[in-house]
Amino acid sequence: DKATDPSIPEENWECIQRFCDQVNADIEGPSLAPRLLAHKIQSPQEMEALHALTVLETCVNNCGERFHNEIAKFRFLNELIKVLSPKYYGTWSSEKVKSRVTEVIFSWTVWFPQEVKIRDAYQMLKKQGIVKEDPKLPEDKILPPPSPRPQNSIFDTDEEKSKLLARLLKSNHSEDLQAANRLIKSMIKEEQEKSAKVSRRVNTISEVSENVKCMDELLENYKRQELSKSDQETLQTLFQRCEKLRPLLFRLASETVDDDEALGK
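Keep in mind that what you see is a predicted model, and the values were worked out from it rather than measured. (Residues numbered from 1 in each chain as written. Predicted model: local features only at pLDDT ≥ 70, side-chain atom pairs only at ≥ 80, totals over all residues. Heavy atoms only, no water.)

1. Points about the packing of helix 6 (residues 95–111) against helix 7 (residues 116–127)
The description of two packed helices rests on the angle between their axes and on the distance between the axes.
So, step 1. Orientation of helix 6 relative to helix 7, taken along the N-to-C sense of each, is 135°, at an axis distance of 9 Å. If you check the angle between helix 6 and helix 7, you find them oblique. Of the two possible hands of crossing, helix 6 and helix 7 adopt the one that is left-handed. Listed contacts from helix 7 to Thr102, Ile105, Phe106, Trp108 and Thr109 of helix 6 are Ile118, Arg119, Tyr122 and Leu125.
So, step 2. Among the residues forming the contact of helix 6 with helix 7, the class breakdown is 6 nonpolar, 2 polar and 1 charged. (Axes fitted to C-alpha atoms, helices over the stretch in contact; angles between N-to-C directions. Helix = DSSP H or I, 4+ residues; strand = E, 2+ residues; numbered from the N terminus. Parallel < 35°, antiparallel > 145°, perpendicular 65-115°, else oblique. Left-handed = near helix turned anticlockwise from the far one by under 90°. Contact = heavy atoms within 4.5 Å. Nonpolar A, V, L, I, M, F, W, Y, C, P; charged D, E, K, R; others polar.)

2. Things to note about the environment of Gln42
So, step 1. With respect to the helices, strands and loops of the structure, Gln42 is situated in the loop between helix 2 (29–41) and helix 3 (46–62).
So, step 2. As for Gln42 and Leu84, which are separated by 42 residues in sequence, their C-alpha atoms are 9.8 Å apart.
So, step 3. Those residues within four positions of Gln42 in sequence are excluded, and the remaining contacts are Glu79, Lys82, Val83, Tyr89 and Trp92.

3. Considering the nonpolar core
So, step 1. Among the nonpolar cores identified, the biggest contains 42 residues, and Ile41, Leu56, Phe67, Val101 and Trp108 are the most heavily contacted of them.
So, step 2. When residues of this core are traced back to their parent elements, those giving at least two are helix 1 (13–25), helix 2, helix 3, helix 4 (64–71), helix 5 (74–84), helix 6, helix 7 and helix 9 (174–224).
So, step 3. At 8 residues, helix 3 tops the list of elements feeding residues into this core.
So, step 4. Those residues in contact with Leu56 that sit more than four places away from it in its chain are Leu37, Ile41, Phe67, Ile71, Phe76, Val104 and Trp108.
So, step 5. Ranked by size, the runner-up nonpolar core spans 5 residues in total, among them Leu218, Leu235, Leu238 and Cys242. (Core = buried A, V, L, I, M, F, W, Y, C linked by side-chain atoms within 4.5 Å. Buried < 20%, exposed > 50% of the residue type's maximum accessible area, 1.4 Å probe, protein only.)

4. Side note on helix 5
So, step 1. Looking at helix 5, one finds that the buried residues are Phe76, Leu77, Leu80, Ile81, Val83 and Leu84. For helix 5, the arc enclosing every buried residue in end-on projection is 145°, short of the 170-degree limit, so these residues lie on one face.
So, step 2. Elements that come into contact with the buried residues of helix 5 comprise helix 2, helix 3, helix 4, helix 6 and helix 7. (Arc of directions from axis to C-beta.)

5. Observations regarding the side chain of Glu57
So, step 1. Mapped onto the elements, Glu57 comes out in helix 3.
So, step 2. Taking the relative accessible area as the measure of exposure, Glu57 reaches 14% and is therefore buried.
So, step 3. A polar contact of 3.0 Å, which involves the side chain of Glu57, links it to the side chain of Arg100. (Polar contact = N/O pair within 3.5 Å; in protein donor to acceptor, adjacent residues only side chain to side chain.)

6. Focus: the pattern of salt bridges
So, step 1. This model, assessed by the stated rule, comprises 8 salt bridges.
So, step 2. With a shortest N-O distance of 3.1 Å, Glu48 and Lys40 are connected by a salt bridge. Like Lys40, Glu48 is buried.
So, step 3. A salt bridge links Asp134 to Lys126, with the shortest nitrogen-to-oxygen separation between them at 3.0 Å.
So, step 4. Exposure remark for Asp134: the relative accessible area of 38% places this residue in the partly exposed category. (Salt bridge = Lys/Arg side-chain N within 4 Å of Asp/Glu carboxyl O.)

Structure below.
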(Lines give C-alpha, C1' and ligand atoms only; values in the text may rest on other atoms or scores of the structure.)
Protein backbone atom coordinates (compact mmCIF):
# COMPACT_ATOMS: atom_id res chain seq x y z
CA ASP A 1 0.00 0.00 0.00
CA LYS A 2 2.83 2.41 0.79
CA ALA A 3 4.40 1.86 -2.64
CA THR A 4 1.13 2.92 -4.32
CA ASP A 5 -0.10 5.50 -1.78
CA PRO A 6 -2.22 8.00 -3.81
CA SER A 7 -1.66 10.77 -1.26
CA ILE A 8 2.02 10.95 -2.25
CA PRO A 9 2.56 12.59 -5.68
CA GLU A 10 6.08 11.24 -6.18
CA GLU A 11 7.18 7.59 -6.34
CA ASN A 12 8.35 6.16 -3.04
CA TRP A 13 11.36 4.28 -4.38
CA GLU A 14 12.35 2.87 -1.00
CA CYS A 15 8.94 1.19 -0.65
CA ILE A 16 8.95 0.08 -4.29
CA GLN A 17 12.33 -1.60 -3.81
CA ARG A 18 11.10 -3.30 -0.64
CA PHE A 19 8.09 -4.59 -2.56
CA CYS A 20 10.40 -6.06 -5.25
CA ASP A 21 12.59 -7.62 -2.57
CA GLN A 22 9.51 -9.22 -0.99
CA VAL A 23 8.40 -10.61 -4.37
CA ASN A 24 11.82 -12.19 -4.83
CA ALA A 25 11.98 -13.53 -1.27
CA ASP A 26 8.50 -15.10 -1.16
CA ILE A 27 8.06 -18.33 -3.12
CA GLU A 28 4.53 -17.24 -4.04
CA GLY A 29 5.60 -13.65 -4.70
CA PRO A 30 5.81 -13.78 -8.51
CA SER A 31 2.29 -15.24 -8.78
CA LEU A 32 0.62 -13.08 -6.11
CA ALA A 33 2.21 -9.71 -6.94
CA PRO A 34 0.66 -9.29 -10.43
CA ARG A 35 -2.82 -9.88 -8.98
CA LEU A 36 -2.27 -7.26 -6.27
CA LEU A 37 -0.89 -4.78 -8.79
CA ALA A 38 -3.75 -5.39 -11.25
CA HIS A 39 -6.23 -4.39 -8.54
CA LYS A 40 -4.27 -1.18 -7.85
CA ILE A 41 -3.90 -0.37 -11.57
CA GLN A 42 -7.71 -0.54 -11.87
CA SER A 43 -8.11 1.96 -9.03
CA PRO A 44 -10.41 4.95 -9.70
CA GLN A 45 -7.71 7.10 -8.11
CA GLU A 46 -5.36 8.17 -10.89
CA MET A 47 -2.28 8.55 -8.70
CA GLU A 48 -2.69 5.10 -7.14
CA ALA A 49 -3.01 3.52 -10.60
CA LEU A 50 0.06 5.38 -11.92
CA HIS A 51 2.13 4.38 -8.90
CA ALA A 52 1.04 0.75 -9.37
CA LEU A 53 2.18 0.87 -13.00
CA THR A 54 5.58 2.15 -11.88
CA VAL A 55 5.81 -0.71 -9.36
CA LEU A 56 4.82 -3.17 -12.10
CA GLU A 57 7.55 -1.95 -14.46
CA THR A 58 10.11 -2.02 -11.64
CA CYS A 59 9.16 -5.61 -10.83
CA VAL A 60 9.56 -6.58 -14.48
CA ASN A 61 13.06 -5.12 -14.32
CA ASN A 62 14.01 -6.77 -11.04
CA CYS A 63 11.94 -9.88 -10.33
CA GLY A 64 13.12 -12.31 -12.97
CA GLU A 65 11.68 -14.98 -15.21
CA ARG A 66 8.89 -16.25 -12.94
CA PHE A 67 7.41 -12.77 -12.72
CA HIS A 68 7.78 -12.37 -16.52
CA ASN A 69 5.88 -15.62 -17.01
CA GLU A 70 2.98 -14.38 -14.88
CA ILE A 71 2.52 -11.05 -16.65
CA ALA A 72 2.61 -12.84 -20.02
CA LYS A 73 -0.51 -14.85 -19.16
CA PHE A 74 -3.92 -13.85 -20.53
CA ARG A 75 -5.22 -13.83 -16.95
CA PHE A 76 -3.05 -10.82 -16.12
CA LEU A 77 -3.12 -9.18 -19.56
CA ASN A 78 -6.93 -9.19 -19.44
CA GLU A 79 -6.78 -7.16 -16.22
CA LEU A 80 -4.73 -4.49 -18.02
CA ILE A 81 -7.05 -4.59 -21.03
CA LYS A 82 -10.03 -3.89 -18.73
CA VAL A 83 -8.47 -0.52 -17.89
CA LEU A 84 -8.57 0.39 -21.60
CA SER A 85 -11.82 -1.26 -22.68
CA PRO A 86 -15.01 0.85 -22.61
CA LYS A 87 -16.87 -2.35 -21.67
CA TYR A 88 -15.09 -2.35 -18.32
CA TYR A 89 -13.14 0.56 -16.76
CA GLY A 90 -12.13 2.42 -19.92
CA THR A 91 -15.02 4.88 -19.61
CA TRP A 92 -13.82 6.28 -16.30
CA SER A 93 -10.09 5.51 -16.25
CA SER A 94 -8.09 8.69 -16.84
CA GLU A 95 -6.36 9.26 -20.18
CA LYS A 96 -3.02 9.40 -18.37
CA VAL A 97 -3.54 5.94 -16.86
CA LYS A 98 -4.78 4.47 -20.16
CA SER A 99 -1.80 5.97 -21.97
CA ARG A 100 0.61 4.39 -19.46
CA VAL A 101 -1.09 0.99 -19.71
CA THR A 102 -0.86 1.12 -23.52
CA GLU A 103 2.79 2.11 -23.28
CA VAL A 104 3.54 -0.77 -20.90
CA ILE A 105 1.90 -3.44 -23.08
CA PHE A 106 3.56 -2.07 -26.23
CA SER A 107 6.98 -2.03 -24.56
CA TRP A 108 6.54 -5.68 -23.65
CA THR A 109 5.81 -6.60 -27.28
CA VAL A 110 9.24 -5.15 -28.11
CA TRP A 111 11.19 -6.71 -25.27
CA PHE A 112 9.36 -10.05 -25.14
CA PRO A 113 8.83 -10.88 -28.84
CA GLN A 114 8.70 -14.59 -27.98
CA GLU A 115 5.58 -14.08 -25.81
CA VAL A 116 2.75 -14.67 -28.26
CA LYS A 117 -0.01 -13.82 -25.78
CA ILE A 118 1.37 -10.32 -25.19
CA ARG A 119 1.59 -9.70 -28.93
CA ASP A 120 -1.93 -11.09 -29.50
CA ALA A 121 -3.39 -8.95 -26.72
CA TYR A 122 -1.83 -5.78 -28.14
CA GLN A 123 -2.91 -6.61 -31.71
CA MET A 124 -6.45 -7.21 -30.46
CA LEU A 125 -6.49 -3.73 -28.89
CA LYS A 126 -5.42 -2.25 -32.24
CA LYS A 127 -7.98 -4.26 -34.23
CA GLN A 128 -10.76 -3.12 -31.91
CA GLY A 129 -9.66 0.49 -32.33
CA ILE A 130 -8.90 0.89 -28.62
CA VAL A 131 -5.25 1.58 -29.51
CA LYS A 132 -5.06 3.85 -32.56
CA GLU A 133 -1.28 3.87 -33.02
CA ASP A 134 1.86 2.60 -31.33
CA PRO A 135 2.90 4.90 -28.48
CA LYS A 136 6.18 6.79 -28.66
CA LEU A 137 8.24 5.63 -25.72
CA PRO A 138 10.17 8.32 -23.81
CA GLU A 139 13.88 8.45 -24.71
CA ASP A 140 14.92 8.09 -21.08
CA LYS A 141 12.59 5.15 -20.42
CA ILE A 142 14.43 1.85 -20.52
CA LEU A 143 12.26 -1.04 -21.59
CA PRO A 144 12.35 -4.05 -19.26
CA PRO A 145 14.96 -6.57 -20.40
CA PRO A 146 13.85 -10.20 -20.70
CA SER A 147 15.41 -12.67 -18.28
CA PRO A 148 16.86 -14.85 -19.54
CA ARG A 149 17.10 -13.85 -23.16
CA PRO A 150 16.60 -16.62 -25.69
CA GLN A 151 19.74 -18.03 -27.26
CA ASN A 152 20.77 -16.25 -30.47
CA SER A 153 18.81 -13.18 -29.38
CA ILE A 154 19.33 -10.03 -31.45
CA PHE A 155 21.09 -8.63 -28.37
CA ASP A 156 23.68 -11.42 -28.47
CA THR A 157 24.52 -11.62 -32.20
CA ASP A 158 26.70 -8.48 -32.14
CA GLU A 159 29.13 -8.86 -29.25
CA GLU A 160 30.44 -5.27 -29.36
CA LYS A 161 26.96 -3.74 -29.37
CA SER A 162 25.86 -6.11 -26.61
CA LYS A 163 28.77 -5.04 -24.39
CA LEU A 164 28.03 -1.36 -25.09
CA LEU A 165 24.34 -1.87 -24.34
CA ALA A 166 25.11 -3.64 -21.05
CA ARG A 167 27.36 -0.74 -20.00
CA LEU A 168 24.78 1.90 -20.91
CA LEU A 169 21.98 0.07 -19.09
CA LYS A 170 24.01 0.02 -15.87
CA SER A 171 24.51 3.77 -15.98
CA ASN A 172 22.46 6.22 -13.93
CA HIS A 173 23.07 9.09 -16.36
CA SER A 174 20.08 10.20 -18.45
CA GLU A 175 22.17 10.63 -21.62
CA ASP A 176 23.41 7.02 -21.34
CA LEU A 177 19.84 5.74 -20.95
CA GLN A 178 18.82 7.70 -24.03
CA ALA A 179 21.77 6.24 -25.94
CA ALA A 180 20.77 2.75 -24.78
CA ASN A 181 17.24 3.21 -26.09
CA ARG A 182 18.54 4.47 -29.44
CA LEU A 183 20.87 1.46 -29.66
CA ILE A 184 18.05 -0.94 -28.79
CA LYS A 185 15.81 0.57 -31.45
CA SER A 186 18.55 0.39 -34.10
CA MET A 187 19.27 -3.26 -33.25
CA ILE A 188 15.58 -4.13 -33.45
CA LYS A 189 15.30 -2.31 -36.79
CA GLU A 190 18.29 -4.24 -38.16
CA GLU A 191 16.70 -7.52 -37.09
CA GLN A 192 13.37 -6.56 -38.66
CA GLU A 193 15.10 -5.72 -41.95
CA LYS A 194 16.97 -9.04 -41.82
CA SER A 195 13.71 -10.91 -41.19
CA ALA A 196 12.05 -9.09 -44.10
CA LYS A 197 14.87 -10.20 -46.42
CA VAL A 198 14.50 -13.80 -45.27
CA SER A 199 10.75 -13.62 -45.85
CA ARG A 200 11.22 -12.23 -49.38
CA ARG A 201 13.77 -14.93 -50.17
CA VAL A 202 11.50 -17.72 -48.92
CA ASN A 203 8.47 -16.35 -50.81
CA THR A 204 10.43 -15.93 -54.06
CA ILE A 205 11.96 -19.40 -53.92
CA SER A 206 8.56 -20.87 -53.09
CA GLU A 207 6.96 -19.14 -56.07
CA VAL A 208 9.69 -20.29 -58.46
CA SER A 209 9.46 -23.83 -57.10
CA GLU A 210 5.70 -23.93 -57.65
CA ASN A 211 6.02 -22.48 -61.16
CA VAL A 212 8.67 -25.02 -62.13
CA LYS A 213 6.57 -27.84 -60.72
CA CYS A 214 3.57 -26.75 -62.84
CA MET A 215 5.78 -26.42 -65.91
CA ASP A 216 7.14 -29.95 -65.37
CA GLU A 217 3.60 -31.33 -65.16
CA LEU A 218 2.54 -29.55 -68.35
CA LEU A 219 5.65 -30.72 -70.22
CA GLU A 220 5.07 -34.27 -69.01
CA ASN A 221 1.55 -34.12 -70.42
CA TYR A 222 2.95 -32.72 -73.67
CA LYS A 223 5.06 -35.87 -74.07
CA ARG A 224 1.89 -37.97 -74.02
CA GLN A 225 -0.47 -35.72 -75.93
CA GLU A 226 -0.83 -32.38 -77.64
CA LEU A 227 -1.27 -29.48 -75.21
CA SER A 228 -4.48 -27.50 -75.39
CA LYS A 229 -4.29 -23.82 -76.26
CA SER A 230 -5.09 -22.95 -72.65
CA ASP A 231 -2.24 -25.17 -71.35
CA GLN A 232 0.15 -23.65 -73.87
CA GLU A 233 -0.73 -20.15 -72.65
CA THR A 234 -0.28 -21.26 -69.04
CA LEU A 235 3.11 -22.76 -69.86
CA GLN A 236 4.20 -19.56 -71.57
CA THR A 237 3.02 -17.43 -68.62
CA LEU A 238 4.89 -19.59 -66.11
CA PHE A 239 8.05 -19.45 -68.22
CA GLN A 240 7.88 -15.64 -68.47
CA ARG A 241 7.32 -15.32 -64.73
CA CYS A 242 10.34 -17.51 -63.96
CA GLU A 243 12.45 -15.44 -66.35
CA LYS A 244 11.43 -12.27 -64.53
CA LEU A 245 12.34 -13.82 -61.19
CA ARG A 246 15.75 -15.03 -62.38
CA PRO A 247 17.63 -11.71 -61.63
CA LEU A 248 16.01 -11.57 -58.18
CA LEU A 249 17.12 -15.12 -57.43
CA PHE A 250 20.71 -14.29 -58.40
CA ARG A 251 20.63 -11.20 -56.17
CA LEU A 252 19.22 -13.16 -53.22
CA ALA A 253 21.90 -15.82 -53.71
CA SER A 254 24.63 -13.16 -53.69
CA GLU A 255 23.23 -11.65 -50.47
CA THR A 256 23.40 -15.00 -48.67
CA VAL A 257 26.54 -16.48 -50.22
CA ASP A 258 28.47 -16.00 -46.98
CA ASP A 259 25.57 -16.88 -44.70
CA ASP A 260 25.29 -20.66 -44.29
CA GLU A 261 22.24 -20.35 -42.06
CA ALA A 262 20.42 -18.18 -44.58
CA LEU A 263 21.32 -20.53 -47.42
CA GLY A 264 19.91 -23.41 -45.41
CA LYS A 265 16.63 -21.59 -45.06
